[in-house]
Amino acid sequence: MGEVVLRDVRKRYGDFEAVRGVGFNVGEGECVVILGPSGAGKTSILKMVAGLEEVTAGEIYIDGRLVNNLEPHERDVAMTFETYALYPQFSVYDNLAFPLRAPRHKVPEVEIAERVARVSGMLGIGGLLDRLPAQLSQGQKQRVGLGRTLVREPSVFLFDEPLAHVDAKIRNRMRMEIKGIQQQLGCTSVFVTHDYVEALALGSRIAVLNKGELQQIGTPRDVFESPANEFVARIVGDPPFNFMLCTLVSDGGARTFVTEDGLCKIPVPMEVERKIGDRTGQHLKLGIRPMYVTPTFSAQEGPLVRGSVYVFERRETRGILTVRVGETRLTAMTDPDLKVQIDQAICLRLDPDRIRVFDPESTQVIAP
Amino acid sequence: MSTIALRSLWKKYGKVEAVKGINLQIQDGEFFCILGPSGCGKTSTMRMIAGIESITAGEIWFDNQLVNDLAPVKRDVAMAFETYALYPPLTVKENLAFPLEARGEPKARINERVEEVAKILDLVDVLDQKPAQISGGHQQRVSLGRCIIRKPRVFLFDEPLSHVDSEARRKMRGEVKRLQQMFKTTSVYVTHDQSEAMALADRISVMNLGEVQQTGTPNEIYHHPHNLFVADFIGEPPFNFFDCSVVSDGGQLAFRTQVGNHRILVPNTIKERMGDSLDRVLRVGVRPMYITPSLVEQEDSQIHGTVYVFEGLGEEGVLTVDVDGSLIRILTEPDFEGKPGDRVWLNVDSSRIQVFDPKTTNNVLSC
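Residues numbered from 1 in each chain as written. Chains lettered and ligands numbered in written order. Predicted model: local features only at pLDDT ≥ 70, side-chain atom pairs only at ≥ 80, totals over all residues.

Before going further, it helps to examine the overall build of chain B. Each helix and strand counted, chain B has nine helices and 20 strands in total. Counting only C-alpha atoms and orienting by the principal axes, one finds that chain B spans roughly 80 × 45 × 35 Å. Buried positions account for 41% of the 367 residues belonging to chain B. (Helix = DSSP H or I, 4+ residues; strand = E, 2+ residues; numbered from the N terminus. Buried ≥ 20, exposed ≤ 12 C-beta atoms within 10 Å, placed from the backbone.)

Here the focus is the sheet that holds strand β5 (residues 65–66) of chain A. Backbone-to-backbone hydrogen bonds join strands into a sheet, with any given pair of strands oriented parallel or antiparallel. Residue and element names in this part refer to chain A. An order of β2-β1-β4-β5 is seen for the four strands of this open sheet, with the pairing classed as antiparallel. Whereas interior strands pair on both sides, the edge strands pair on one side only; in this sheet they are β2 (16–26) and β5. In the packing of helix α1 (residues 42–50) onto the sheet, the strands contacted are β1 (4–13), β2 and β4 (57–62), and the crossing angle to β1 comes to about 115°. (Pairing = 2+ DSSP bridges. Contact = placed C-beta atoms within 7 Å. Axes fitted to C-alpha atoms, helices over the stretch in contact; angles between N-to-C directions.)

Attention now goes to the domain arrangement of chain B. In terms of domains, chain B is made up of domain 1 (4–233) and domain 2 (240–356). Distance between the C-alpha centres of domain 1 of chain B and domain 2 of chain B: 39 Å. (Domains from an automatic or database assignment.)

Attention shifts here to helix α2 (residues 92–102) of chain B. Buried residues of α2(B): B:Val92, B:Asn95, B:Leu96, B:Ala97 and B:Leu100, and no others. As for α2(B), its buried residues are in contact with α3 (107–120) and α4 (136–148) of chain B.

Across the sheet, which stays open at both edges, the five strands sit in the order β15-β19-β16-β17-β18 (chain B) with antiparallel pairing between neighbours. Edge positions in the open sheet fall to β15 (291–294) and β18 (326–332) of chain B, since each of these has one partner strand only. Taken pair by pair, the neighbouring strands of this sheet meet at an average axis angle of 45°, ignoring direction. Looking at chain direction, strand β17 (residues 317–323) of chain B and β18(B) are connected through seven bridges and run antiparallel. Pairing of B:Val321 across the sheet is with B:Ile328, part of β18(B). The sheet strands contacting helix α5 (residues 168–185) of chain A are β16 (303–312) and β17 of chain B, and the helix crosses β16(B) at an angle near 100°.

Now for the interface of chain A and chain B. Taken together, the contact pairs 26 residues of chain A with 27 residues of chain B. Mapped by element, the contributors of at least two residues to the side of chain A that touches chain B are α5, α6 (196–202), α7 (220–225) and β16 (304–314) of chain A. Per-element accounting of the side of chain A that touches chain B gives the leading share, seven residues, to α5(A). Here the side of chain A that touches chain B is composed, by residue class, of 13 nonpolar, six polar and seven charged. (Nonpolar A, V, L, I, M, F, W, Y, C, P; charged D, E, K, R; others polar.)

The next subject is unusual backbone geometry. Here the amide bond leading from A:Asp238 into A:Pro239 is cis, since omega sits at 0°, within 30 degrees of zero. Its place among the elements puts A:Pro239 in the loop between α8 (230–235) and β11 (242–250). At the junction of A:Ala367 and A:Pro368, the peptide bond is cis and its omega measures out at 0° in the coordinates. Locating A:Pro368 in the fold gives a position in the segment after β21 (365–367). The backbone of B:Asn261 shows a phi angle near 55°, a positive value even though the residue is not glycine. Within the element layout of this structure, B:Asn261 appears in the loop between β12 (252–257) and β13 (263–265). Owing to 9 C-beta atoms within 10 Å, B:Asn261 belongs among the exposed residues under this scheme. We note that B:Asp324 has phi near 50°; this positive angle belongs to a residue other than glycine.

Right, let's talk about the environment of A:Leu132 for a bit. Assignment of secondary structure puts A:Leu132 in the loop between α3 (109–123) and α4 (138–150). Placed 22 residues apart in sequence, A:Leu132 and A:Pro154 show a C-alpha to C-alpha distance of 26 Å.

Buried accessible area, meaning the area lost when the parts come together, often serves as the stated size of an interface. All names here are of chain A. The domains assigned to chain A are domain 1 (4–235) and domain 2 (242–367). Computed from C-alpha atoms alone, the centre-to-centre distance between domain 1 and domain 2 is 39 Å. Contact with domain 1, which involves six residues of that partner, is made by five residues of domain 2. Residue composition of the side of domain 1 that touches domain 2, grouped by class: four nonpolar, one polar and one charged.

Our next topic: the pairing of strand β9 (residues 205–210) of chain A. All names here are of chain A. In this structure, strand β3 (residues 31–35) lies alongside β9, joined through four bridges in parallel fashion. What sits directly across from Val33, in β9, is Ile206. Remark: two residues form the turn of the hairpin made by β9 and strand β10 (residues 213–218), two consecutive strands paired antiparallel; Lys211 in that turn has positive phi of roughly 50°.

The description of two packed helices rests on the angle between their axes and on the distance between the axes. All names here are of chain A. With their axes 10 Å apart at the nearest point, α3 and α4 run at an angle of 140° to one another. Here α3 lies oblique to α4, going by the angle between them. Helix-helix and strand crossings are classified by hand; for α3 and α4 the assignment is right-handed. Contact residues: α3 offers Val119, Ser120 and Leu123, while α4 offers Arg143, Leu146, Gly147 and Leu150. The residue inventory of the contact of α3 with α4, partitioned by class, reads four nonpolar, two polar and one charged. (Parallel < 35°, antiparallel > 145°, perpendicular 65-115°, else oblique. Left-handed = near helix turned anticlockwise from the far one by under 90°.)

Here the focus is the nonpolar core. Counting 146 residues, the largest nonpolar core has A:Leu158, A:Val190 and B:Val188 as its most contacted members. Element by element, the count of residues in this core is highest for α6(A), at six residues. Among all residues touching A:Leu158, those that are not within four sequence positions of it are A:Leu46, A:Val49, A:Ala50, A:Val77, A:Ala78, A:Met79 and A:Val190. Core analysis: the second largest hydrophobic core is formed by 29 residues, A:Met244, A:Val268, A:Val311 and A:Ile346 among them. (Core = buried A, V, L, I, M, F, W, Y, C linked by C-beta atoms within 7 Å.)

Printed below as a string of structure tokens:
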């Protein structure tokens, strides 16, 4: 119940191709998050699954049925939108009951009462059923909006950036609760967001989208640790992925990555050496996550990069150290109490097991 | 360079008391954040410092000068606001030069300063371009450049990064911090974003409903919040709170949770400071980073519950545990093996707990 399949789906608005041959599956009970910047085409995809937009080419199946030509109400999906648009004249109860009272659903009042009680309990708004939207806080309105989708008990839930306009503290809390609800209900969901934290937290798999094209689909672990290209590497993680343009140099045996200005020499790690092939003399882009970069003050041997402190910022549980290395800036995640001065000389150690190599032209990952 | 002193500063809009007799002493060269939710009075305070809002009562001093009646332009402050308002027909170079030209500075001096500022802000490559031709990030730096080029006494920032997308925001934070550290210009930065204040400030003043709740360094405010408002406002995920009574467990004092009967040991370090609060119901707070979860019962486990949800967020994880119906959030490594419904035992770092009086909301441990 609730399996969704997209096959080579395309969407064109006039001359503009918003979605370009996207295909993926959402298994029963799975939550797939479509992650991408604004304009990537993610809402277009969601609307095509919902039936609110026509498919230009390709197929969409829900529960094994081809739904391309089915109206939204024939598809057994429910969608939440960015703006929750509650009916101001209806109480919370009536807002929640509204979708079930629509003529085509004809749910008996007794069952409506049961579902509203269950959903409002799950969302922690059971005590607010008599209130009008004007009497609710932002967070409470968000929950009622979500509740209106949950009461429908469809095969597939579609979420269109439901947390976009919410303060950080409320957003984090609601994200956690949404995950809890999803796990309790075991419902199939497709969730659209530009926020990578939501994608990592909520997705059993993440489909990364850019300019209408699927970049990578994988578990949060896959997308975080093994990004398929530069775009995926950059979109997930904070501080973002570090990149350094280097030349692959061979000095009789061991090969090294050398930065443009010749200041940094990083030996090619074993795992990378095996995959990289014969590219000696070529330009390559080295990448590594800040959590795998550590500052060190002693001039020891090893894969070290030398630079000077650009700025140090404290976060709650860690520090973010930005180091100027020639023309580039690299970031390292550090102890929050690190003491450094601006322009102080410093070395960074890169964890060789976490270095990834990208082709500067195609931006695809080459190794490991 | 300047110190700023606010003495019994009031602002009333008709009957509404927006700022209620606050006192602040900002040091020379300090990066000072005024932090609080919307409506707390932070923007009114900043506007009075700038001179663009009248003062109802009280005094504002810059060093030894009472500035209450001094027009904004005479106060030598530079304001960086949300909209950076660059002059579209002027090049970056001309935009940067503008404040100095307006002051009638000599051409040679202006060129020198523009070059200096362009170098610091990485704008050398775009000096001859117009605002419409450069990236958002560059535009923000030009805006900052226009502020710093005058070498004002004071920088005032009113939520300058509110409507900036998160990537640009992150980059700008670093730039603002770096600039301030290089120039050591006294800066007052207003924001509602606690993580921003914590990252940038030398000291923070937390405001709510027109009053200062606490002023201190990020460390002080984070580890020793004076009351429940500050404790709950700073840090994300926020403090976890347990209402407890104090019991004697075979000679050892412990906090016993009112729900669920869990026990958290009272460390000696705080026992003395608690004095006669020991006979009341107290609200004990622990930050998410000071709780360690285990899927196996440990000897020193103090609280137990079941896994509600685990969110793996790449660099770290957030584990939410259901403890007798309340949800407790814990920061963990990005991998955690527990599944919803699994029993989990929690160890609390007692040396890090904070204790509040639920009636007065004050921190019982603050002297």
